[in-house]
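Residues per chain are reported as follows:
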Amino acid sequence: MAGFTPKTNPKRFHKSQIKFYFILIPIAAFMLLPIIFIFSQAFKPIDELFLYPPRFFVRKPTLNNFYELFAATKGSTIPVSRYLMNSILTALFTVIFTIIISVFAGYALSKKRFKAKNLIFTINNLALMFVPVAVIIPRYLIIQKLGLIDTFIINILSLLAMPIGIFLIKQFVDQIPDALIEAALIDGANDFQIIFNLIMPLLKPAISTVGILAFQVAWNSADASTYFINNENLRTFAFYVSNLTAVTGNTIAGQGIAAAASLIMFVPNLVLFIFMQSRVMNTMAHSGLK
Amino acid sequence: MKKIKKYMHWILLSPYLTLFIIFILLPIIVAIYLSFTYFNAIQSPRWIGLQNYVNLFTRDEIFMQKVLPNTIKFSLIVGPGGYILSFILAWLVAQLTKVPRTIFALILYSPSLTAGVTMAVVWRVLFNGDQQGYLNALLLKLGFIDKPIQWLQSPEYLLTIMIIVSLWSSMGVGFLAMLAGILNVDETLYEAAYIDGIKNRLQEIIYITIPAMKPQMLFGAVMSIVQTFTTAGIGVALSGTNPTPQYAGQLIVNHIEDYGFLRYEMGYAAAVSVVLLIIIYLFSKIAWKLFGDN
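Residues numbered from 1 in each chain as written. Chains lettered and ligands numbered in written order. Predicted model: local features only at pLDDT ≥ 70, side-chain atom pairs only at ≥ 80, totals over all residues. Heavy atoms only, no water.

Visitor: Which residues make up the overall build of chain A, and what values go with them?
Guide: Check the secondary structure of chain A and you find 14 helices and zero strands. From first element to last, N terminus to C terminus, chain A shows the α and β order α-α-α-α-α-α-α-α-α-α-α-α-α-α. The C-alpha extent of chain A, read off along each of the three principal axes, is 70 × 65 × 35 Å. For chain A, the residues scored as buried account for 56% of the 290 residues in total. Of all intrachain contacts in chain A linking residues separated by at least 6 positions in sequence, the fraction that spans at least 24 positions is 72%. In the form shown here, chain A has an accessible surface area of approximately 13,200 Å², with 66% of it arising from carbon and sulfur atoms. When the 23 positive and 11 negative side-chain charges of chain A are each reduced to one mean point, those points stand 10 Å apart. (Helix = DSSP H or I, 4+ residues; strand = E, 2+ residues; numbered from the N terminus. Buried < 20%, exposed > 50% of the residue type's maximum accessible area, 1.4 Å probe, protein only. Contact = heavy atoms within 4.5 Å. Areas by Shrake-Rupley, 256 points an atom, 1.4 Å probe, with all protein chains shown as cover. Lys, Arg positive; Asp, Glu negative; His and termini not counted. Charge placed at Lys NZ, Arg CZ, Asp CG, Glu CD.)

Visitor: An account of the packing of aromatic side chains is needed here, citing residue identities and associated values.
Guide: Tallied over the entire structure, the rule returns 33 aromatic pairs over all chains. Ring geometry for Tyr83 of chain A and Tyr240 of chain A: centres 4.7 Å apart, planes at 25°, overall stacked. Placement of Tyr83 of chain A in helix H4 (residues 80-111) and of Tyr240 of chain A in helix H13 (residues 237-248) is noted, with a sequence separation of 157 residues between them. Like Tyr240 of chain A, Tyr83 of chain A is buried. An aromatic cluster of three or more residues is present, and its members are Trp123, Phe127, Trp151, Tyr157 and Trp168 of chain B. The ring of Phe121 of chain A has Lys170 of chain A sitting right over it, with the charged end atom 4.3 Å from the ring centre. (Phe/Tyr/Trp six-rings, centres within 6.5 Å; stacked < 30°, edge-to-face > 60°. Lys NZ or Arg CZ within 6 Å of the ring centre and 35° of its normal.)

Visitor: Go over the pattern of salt bridges with me, naming the residues and quoting the values.
Guide: Residue and element names in this part refer to chain A. Within this structure, the stated rule accounts for five salt bridges over all chains. The closest approach of N and O atoms between Asp178 and Lys111, which form a salt bridge, is 2.8 Å. One end of the pair, Asp178, is in helix H9 (residues 178-186); the other, Lys111, is in helix H4, and 67 residues separate them in sequence. Lys112 serves as the salt-bridge partner of Asp191, at 2.9 Å between the closest nitrogen and oxygen. One end of the pair, Asp191, is in helix H10 (residues 191-202); the other, Lys112, is in the loop between H4 and helix H5 (117-127), with 79 residues separating them in the sequence. Across the pair, Lys112 and Asp191 agree in class, each one buried. (Salt bridge = Lys/Arg side-chain N within 4 Å of Asp/Glu carboxyl O.)

Visitor: Outline the interface of chain A and chain B, supporting the account with residue identities and numerical values.
Guide: Each partner contributes residues to the interface: chain A has 109 residues there, and chain B has 101 residues. Linking chain A with chain B are zero salt bridges. Applying the counting rule to chain A against chain B returns nine residue pairs in polar contact (both at pLDDT 80 or more). Considering every element that reaches the side of chain A that touches chain B, the biggest residue donor is helix H14 (residues 252-285) of chain A, with 16 residues. Of the residues belonging to the side of chain A that touches chain B, the class tally is 80 nonpolar, 20 polar and nine charged. (Polar contact = N/O pair within 3.5 Å; in protein donor to acceptor, adjacent residues only side chain to side chain. Nonpolar A, V, L, I, M, F, W, Y, C, P; charged D, E, K, R; others polar.)

Visitor: How would you sum up the nonpolar core? Please name residues and give values.
Guide: In this structure, Ile199, Leu203, Phe237 and Met284 of chain A together with Phe219 and Ile252 of chain B are the most contacted members of the largest nonpolar core, which totals 195 residues. The residues contacting Phe237 of chain A, other than those within four sequence positions of it, are Val80, Tyr83, Leu84, Ser87, Ala261, Ile264 and Met265 of chain A. (Core = buried A, V, L, I, M, F, W, Y, C linked by side-chain atoms within 4.5 Å.)

Visitor: Describe the packing of helix H5 (residues 98-113) of chain B against helix H9 (residues 173-183) of chain B, and please don't skip the residues or the numbers.
Guide: All names here are of chain B. Relative orientation of the contacting elements H5 and H9 amounts to 155°, with a least axis distance of 10 Å. If you check the angle between H5 and H9, you find them roughly antiparallel. With respect to the hand of their crossing, H5 and H9 are arranged in right-handed fashion. Within the contact between the two elements, H5 uses Arg101, Ala105, Leu108 and Tyr109 and H9 uses Val173, Phe175, Leu176, Leu179 and Leu183. By residue class, the composition of the contact of H5 with H9 is eight nonpolar, no polar and one charged. (Axes fitted to C-alpha atoms, helices over the stretch in contact; angles between N-to-C directions. Parallel < 35°, antiparallel > 145°, perpendicular 65-115°, else oblique. Left-handed = near helix turned anticlockwise from the far one by under 90°.)

Visitor: So what's going on with H5 of chain B? Which residues, and what values?
Guide: The first and last C-alpha atoms of H5 of chain B sit 22 Å apart over 16 residues, in line with the 22 Å expected at 1.5 Å per residue. Taken together, the buried positions of H5 of chain B are Pro100, Arg101, Phe104, Ala105, Ile107, Leu108, Tyr109, Ser110, Pro111, Ser112 and Leu113 of chain B. (Expected span 1.5 Å × (residues − 1).)

Visitor: Describe the environment of Ser287 of chain A, with residues and values.
Guide: When you line up the elements, Ser287 of chain A lands in the segment after H14. Contacts of Ser287 of chain A, omitting those with residues within four sequence positions, involve Phe167, Leu168 and Gln171 of chain A together with Gln216 and Phe219 of chain B.

Visitor: Give a description of unusual backbone geometry that names residues and reports values.
Guide: One non-glycine residue, Asp150 of chain A, adopts positive backbone phi at about 60°. Tracing the backbone shows Asp150 of chain A in the loop between helix H6 (136-145) and helix H7 (153-160). At Tyr247 of chain B, a position not held by glycine, the phi torsion is positive, near 60°. With relative accessibility at 17%, the residue Tyr247 of chain B sits in the buried group.

Visitor: Can you tell me about the side chain of Thr283 of chain A, naming the residues and giving the values?
Guide: Residues and elements named next belong to chain A. As for its placement among the helices and strands, Thr283 is situated in helix H14. Judged by its relative accessible area of 0%, Thr283 falls in the buried class. A polar contact is formed between the side chain of Thr283 and the side chain of Thr209, at a distance of 2.7 Å. Beyond its immediate stretch of four places on either side in the chain, Thr283 contacts Phe172, Pro205, Ala206 and Thr209.

Following this line, the structure appears as structure tokens:
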């Protein structure tokens, strides 16, 4: 069949593609509406928030809600910036350590030969389904026994074991030829040198993916702050936002502040993903469960 | 030196294994143990055998009448529904050229980037119960209703709204995996199939695309199960109370929190956790059966 062109993943535009636009544009618009709403709401001045009938788009955008957000805690002892700083530190350390831990474990599971290897990988794959909320109470008791209640480090520690991270890295390391590693071993490199100088540069797509996933979990998670921390100084921004919305979410004046806080929650995720999306897609192509 | 080399894999695995055991494995084991005890968080746990499970299935009317049916309904619609939606959207997007494809993929993925807490803000405003609520205002204006509806406080709407919001945010990592899978199907497979007499795109999907991307389909299924059970707190976030109004949006996860952190019946809550873990495990077994290689 000469001149066969696959229909999926076309190289250039053809009028047969128009029908897909007709289906996708309304769906995409629906998906986008609430997100546009966050942006719009966050910049609304107070009179537009009070408006009846309510108006979806902002007319006269203002930064007032953001000022209010930061002023809201002036009276209390803990400023918003404290929560933000806690979140930034939590996210940063979670991302760094998740990557290191996952690469170490993924490399060992892929390239080392030892008895328990398959067992560990199988258990890890089962744990992909793990939902932390399901065992929140035993988790609390264990963390209490370890004396980690009300410590900053629990924000990070409770997020580091990420089965999906190990899984993605292992699947990727599988594709690096053994010969490459053997050659490095013969040249006298040890495992750490191999990991940092050889594996890590080759694994950039997978590492970016794990990094993004870890960031999302860390940035969005209010669990540790809710359950394991009573000291307000150590809690994260996600917790602050959830509390803020629980208290002020129903009042109109609070809506602007809550929307501003939501925007601060959302934007870092989005920006990071836009920058990393091609790498993420690349990882996903090679990440199937086999 | 040689000895170190011999045990290198354990050294490399130890940080992960330590955390895995402390934060994942041990909690599951403790949950199983506690589920056989009476434990009120003050006195030490007292062994009561299967009593918690017996109570759960025979005495806990709320669990049997509200929580379990809600959970089954919610997870059957949001799990497979979100999964099928992910595949369809990934396939549709894959029919476009690169730039529009990237833009659409990003738009479809972006809702899953929003945190549950964040979303409660938006959806609570959109579904607000007075005439200031956007949906109410719209319906009033169009004349469909003559007085505002308490969307999030009415038992008849809450679960539906939870399902819509969850589906909306379900195009996550699984969606990306499926999109990548579709784009990476070997072109020659399609070519061969057309020579063999495949005629239309539906046949193309069923006979070529899905079988060729089985690993990504399985990955997507697993992610969709996880997603379903992690978004389960959404009813409480939307309605602002636990228990939700007349238990309309009460799912197993909320039931665990209700008993564990509000009533301090930890043993009972642990039994509910174990039931939840078993349900998740069964779901994943089905996914593995459908798309796994062996």
